[in-house]
Amino acid sequence: LVVGAVTQEGQPREPESTLPLGDDDVWEMDFCSRPLLDERGKKRWELLVCNSSRSFEHSEFLPNNKINSVVLKERLEALVESQGGKKPKKVLYFRTQLQTIVTRALSEMEVKAVASKRCFSLMSWLDERLEAVYKPDPGYDPKASTGFVQQEAIPKDLKDALRGERWFFVQMDWKSLKEEMRDVVEGRAFGEIFDPEAQNLGVTDDTLIPGIAVFSRRAGPLAGWTGSLDLSNIKPDRKRACLILETGVNNKWKYASFEKTEENAEEAQAWESAKETVGGLHFLAIQDNPDSEVCAGLWLLLDRPLPKI
């Protein structure tokens, strides 16, 4: 990646602090039982909604006899009204066992529901609430935890149209990466980003972020197609000698291969270790060639476990 703060027609760029990371018109939602028992010994249910930056957070407990799409729609409509009547562009959720209730409520509101692991801010909030809200509650019962059990997906082959011609393990300091993300924020490039501060990752400007750089002569179409995948994570698979893309809630794809050599295996492990040191933060960049000054697509990704509740 070639980094440069290029100005257009002599106009200076906005200060870094004004760059919004993430789209706050996208909500993240969880509607599920909690490891909390009421006076009858029944699990309490909770609705959590936030945006990417967590500048907006809403939580409320609901009786377990009110768990249906009608009640969910009523609560979400009231929430929209409290936010000035502006509906979100879409709502992300990660518990697919509640897909029917969630999609029915949102479709009646004419809001798109997306099953996705990119509920990064919501997941961090759930981690916090487990320690700060649920465990101190007198009704807390760890045996009543919902948990999120899913069968491990088997990686599938990805269409050739979604592959680049070359790729490399790379890294970039956070300050430079934010500049690269500007084109995504301002609509000149495909991609999805978020603010690591909402995940309490402690990233500073000089923190090195590991990434995957993909090069293709058809970088624009490739980035457009990649944007339809709802990417959340990339992991090297040393047994299969390839990169694995994780998309949606539980989809995996064989993305880019490498030779089964000790050197390549060590490089893959070093990249994975670098990812762990920054709390799972990493990125995917798609460019025409290694000398290109712009990205056709850029995705900020996070490798993190699903919430324990």
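Below: a short report on this structure. (Residues numbered from 1 in each chain as written. Predicted model: local features only at pLDDT ≥ 70, side-chain atom pairs only at ≥ 80, totals over all residues. Heavy atoms only, no water.)

1. Topic: the overall build of the protein
Turning to step 1, where the next piece is worked out: Within the protein, the regular secondary structure consists of six helices and 14 strands.
Turning to step 2, where the next piece is worked out: Expected size for 309 residues packed as a compact globule is a radius of gyration near 19 Å; at 21 Å, the protein falls within 12% of this value.
Turning to step 3, where the next piece is worked out: Along the first, second and third principal axes, the C-alpha set of the protein runs to 65 × 50 × 35 Å.
Turning to step 4, where the next piece is worked out: Per-residue burial over the protein gives 49% buried out of 309 residues.
Turning to step 5, where the next piece is worked out: Looking at the protein alone, contacts between residues at least 24 apart form 70% of all its contacts between residues at least 6 apart.
Turning to step 6, where the next piece is worked out: Only carbon and sulfur atoms are counted for the fraction: they give 47% of the accessible area of the protein, which is about 15,300 Å².
Turning to step 7, where the next piece is worked out: Of the side chains in the protein, 42 bear a positive and 51 a negative charge, and the two mean positions are spaced by 7 Å. (Helix = DSSP H or I, 4+ residues; strand = E, 2+ residues; numbered from the N terminus. Rg over C-alpha atoms; globule rule 2.2 N^0.38 Å. Buried < 20%, exposed > 50% of the residue type's maximum accessible area, 1.4 Å probe, protein only. Contact = heavy atoms within 4.5 Å. Areas by Shrake-Rupley, 256 points an atom, 1.4 Å probe, with all protein chains shown as cover. Lys, Arg positive; Asp, Glu negative; His and termini not counted. Charge placed at Lys NZ, Arg CZ, Asp CG, Glu CD.)

2. Remarks on the pairing of strand 12 (residues 251-257)
Turning to step 1, where the next piece is worked out: The sheet contact formed by strand 6 (residues 156-157) and strand 12 spans two bridges and is parallel. Bridging from a neighbouring strand, Lys 156 pairs with Trp 253 of strand 12.
Turning to step 2, where the next piece is worked out: In terms of strand pairing, strand 11 (residues 242-247) meets strand 12 through six bridges, oriented antiparallel. Paired with Thr 247 across the two strands is Asn 251, which belongs to strand 12.
Turning to step 3, where the next piece is worked out: A loop of three residues connects strand 11 with strand 12, the two strands running antiparallel in sequence, and Gly 248 in this loop sits at a positive phi of about 55°. (Pairing = 2+ DSSP bridges.)

3. Notes on the environment of Ser 52
Turning to step 1, where the next piece is worked out: Structurally, the position occupied by Ser 52 is in the loop between strand 2 (43-51) and strand 3 (57-62).
Turning to step 2, where the next piece is worked out: With 147 residues separating them along the chain, Ser 52 and Gln 199 place their C-alpha atoms 9.7 Å apart.
Turning to step 3, where the next piece is worked out: When near neighbours in sequence (up to four residues on either side) are disregarded, Ser 52 contacts Leu 21, Gly 22, Asp 23, Asp 24, Val 26, Glu 28, Ser 121, Phe 194 and Ala 198.

4. Focus: the side chain of Asn 51
Turning to step 1, where the next piece is worked out: Relative to the helices and strands, Asn 51 is located in strand 2.
Turning to step 2, where the next piece is worked out: The exposure class of Asn 51 is buried, given its relative accessible area of 5%.
Turning to step 3, where the next piece is worked out: In terms of polar contacts, Asn 51 uses its side chain to reach the side chain of Ser 55, at 3.0 Å.
Turning to step 4, where the next piece is worked out: What Asn 51 contacts, discounting residues up to four positions off in sequence, is Asp 24, Val 26, Trp 27, Phe 56 and Ser 121. (Polar contact = N/O pair within 3.5 Å; in protein donor to acceptor, adjacent residues only side chain to side chain.)

5. Some remarks on the sheet that holds strand 7 (residues 166-173)
Turning to step 1, where the next piece is worked out: The strand order 7-9-13-14-8 describes an open sheet built from five strands, whose pairing is mixed. Every other strand in the sheet has two partners, leaving strand 7 and strand 8 (190-192) as the edge strands with one partner each. Mean inter-strand twist for the sheet, computed between neighbouring axes without regard to direction, equals 20°.
Turning to step 2, where the next piece is worked out: Inspection of the sheet shows strand 8 paired to strand 14 (residues 297-302) by three bridges, in the parallel sense. What sits directly across from Gly 191, in strand 14, is Leu 298.
Turning to step 3, where the next piece is worked out: Its contacts with the sheet put helix 5 (residues 219-226) on strand 8, strand 9 (208-215), strand 13 (281-287) and strand 14, and the angle it makes with strand 13 is roughly 140°. (Axes fitted to C-alpha atoms, helices over the stretch in contact; angles between N-to-C directions.)

6. Points about the pairing of strand 1 (residues 26-37)
Within a regular strand, the side chains alternate between the two sheet faces.
Turning to step 1, where the next piece is worked out: Among the twelve residues that make up strand 1, eleven are buried, leaving the element largely enclosed by the rest of the structure.
Turning to step 2, where the next piece is worked out: Note that strand 1 and strand 4 (residues 90-93) share three bridges and pair parallel. Across the sheet, the residue bridging to Val 26 is Lys 90, located in strand 4.
Turning to step 3, where the next piece is worked out: Here eight bridges tie strand 1 to strand 2, and the two strands are oriented antiparallel to one another. In the sheet register, Trp 27 faces strand 2, and the bridge partner there is Asn 51.
Turning to step 4, where the next piece is worked out: Counted between consecutive antiparallel strands, the loop separating strand 1 from strand 2 contains five residues, among which Gly 41 sits at a positive phi close to 80°.

7. Overview of the nonpolar core
Turning to step 1, where the next piece is worked out: Counting 26 residues, the largest nonpolar core has Ile 212 and Leu 284 as the members making the most contacts within it.
Turning to step 2, where the next piece is worked out: Contact partners of Leu 284, with chain neighbours within four places excluded, come to Ile 212, Val 214, Thr 226, Leu 231, Ile 234, Tyr 255, Gly 297, Leu 298, Trp 299 and Leu 301.
Turning to step 3, where the next piece is worked out: Core analysis: the next-biggest nonpolar cluster, separate from the first, contains 24 residues, Trp 27, Val 49, Ile 67 and Ile 101 among them. (Core = buried A, V, L, I, M, F, W, Y, C linked by side-chain atoms within 4.5 Å.)

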